[in-house]
Amino acid sequence: MRSRPSPPASARAPPPASPAPGCSCAASRPCTASSASSPGAASPPPSLALDLSLVWLPGAAVWLLVYRGDLVLGGFGGLAAVLTAGHFHAAGFGALVMVGLLGRGLGDAPDWTRPVYRLVAVVLILAFPLLAVGIGAGARPIELAGAGLYVLGLPLLAGLQLVAAARLRDGPAWARVLLALSAGSLLLSTTLAGMYAAQGFYGAAVRILTMLRAHGLVNALGFLGLGLLAWGGLQAPRRD
């Protein structure tokens, strides 16, 4: 009695799984529904913010050279040069570093934080170029547009930092407290910056000495200093 021949391998193999809707991965990379909905797929990933932050450091170095050499560049020198260097460090470099670290630290935060984070990332990536061009070219509307983006994006960044501080319960308590204090410092410094940028419409509400002592120190030591210490202690996981 002859046994029935076995069906060919192609007939026994199950049909290939259909890719997740909206997913267009390469054949050499397995495609899943989660990869199609990755937060970085539709928004600037945290690594992009960290990479772009480095663009502003050479500019900061140039303005420090102008200040130390008692030079004039584009009509700016002396106090204006060192203030420009400080803004390249804090508003350009530092703010984007904090955006990148926040994106890596949000982790399993609620879904509503994802579109807010995308907005914050885009707004703060665009804010400093507009502000710098507006001041350098003497174009007040462009300068105000850049300042307006900061007034929009920085409070949202502070709010997301508070969300991260509340949710990262596995991290040390001191680091979560520092992250919350960093957020509070950011809200204070942003309020002063917004008042100073718009003072041409209602008079000199904030003196330059107040900006130097409050806005500058609060940004450098509070927002950035405490924030970097906090993320170092939390050792936030990568999100992108």
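What follows is about the confidence of the model for the protein chain. Summing up the model confidence of the protein chain, the mean pLDDT is 82 and the portion of residues at 70 or higher is 77%. Mean pLDDT across the secondary structure elements of the protein chain bottoms out at helix α2 (residues 33-36), with 34, and peaks at helix α4 (residues 56-68), with 96.

Bringing the pattern of salt bridges into the picture now. Under the counting rule described, the total for this entry stands at one salt bridge. E143 is paired through a salt bridge with R140; the nearest N and O atoms lie 3.4 Å apart. Taken together, the residues span about one helical turn, with E143 and R140 both in helix α7 (residues 140-167) at a distance of three residues. Overall, the relative accessible area of 32% leaves R140 in the partly exposed class.

Relative to the assigned elements, V122 resides in helix α6 (residues 113-137). For V122, a relative accessible area of 37% gives the class partly exposed. Residues V122 and L149, 27 residues apart in the sequence, show an inter-C-alpha distance of 9.7 Å.

Think of a ball as big as a water molecule: rolled over the atoms, this probe shows where empty space is left. Looking at the largest pocket, its volume works out to about 1,200 Å³. Taken together, the elements giving at least two residues each to the lining of the largest pocket come down to α5 (79-105), α6, α7, α8 (173-197) and α9 (208-234). Top element by residues in the lining of the largest pocket is α5. It accounts for ten residues. In terms of residue class, the lining of the largest pocket is made up of 28 nonpolar, twelve polar and two charged.

To continue, consider α9. The principal kink in α9, of about 35 degrees, is found at V218. Every buried residue of α9 is listed here: M211, H215, V218, N219, G222, F223, L224, G227, A230, W231 and L234.

Further remarks concern the side chain of S185. Positionally, S185 belongs in helix α8. When sequence neighbours within four positions are dropped, the list of residues in contact with S185 reads V218, G222 and F223.

Taking 1.5 Å as the rise per residue, α5 with 27 residues should run 39 Å; its terminal C-alpha atoms sit 37 Å apart, in good agreement. At G94, α5 shows its maximal kink, close to 30 degrees. Immediately beyond the C-terminal end of α5, within one or two residues, lies G107, with a positive phi of roughly 55 degrees.

This part takes up the packing of α6 against α7. The interhelical angle for the contact between α6 and α7, taken along N-to-C directions, is 150 degrees, at an axis separation of 7 Å. α7 is crossed by α6, and the crossing has left-handed handedness.

Rules and cut-offs
- Residues numbered from 1 in each chain as written.
- Predicted model: local features only at pLDDT ≥ 70, side-chain atom pairs only at ≥ 80, totals over all residues.
- Heavy atoms only, no water.
- pLDDT = per-residue confidence, 0-100.
- Helix = DSSP H or I, 4+ residues; strand = E, 2+ residues; numbered from the N terminus.
- Salt bridge = Lys/Arg side-chain N within 4 Å of Asp/Glu carboxyl O.
- Buried < 20%, exposed > 50% of the residue type's maximum accessible area, 1.4 Å probe, protein only.
- 1 Å grid on protein atoms, 1.4 Å probe; cavity = no way out; pocket = protein on both sides within 12 Å on 5 of 7 lines; lining within 4 Å.
- Points joined across faces, edges and corners; volume = space filled by probe spheres on them.
- Nonpolar A, V, L, I, M, F, W, Y, C, P; charged D, E, K, R; others polar.
- Bend = angle between axes of the 7 residues up to and from the residue.
- Contact = heavy atoms within 4.5 Å.
- Expected span 1.5 Å × (residues − 1).
- Axes fitted to C-alpha atoms, helices over the stretch in contact; angles between N-to-C directions.
- Left-handed = near helix turned anticlockwise from the far one by under 90°.

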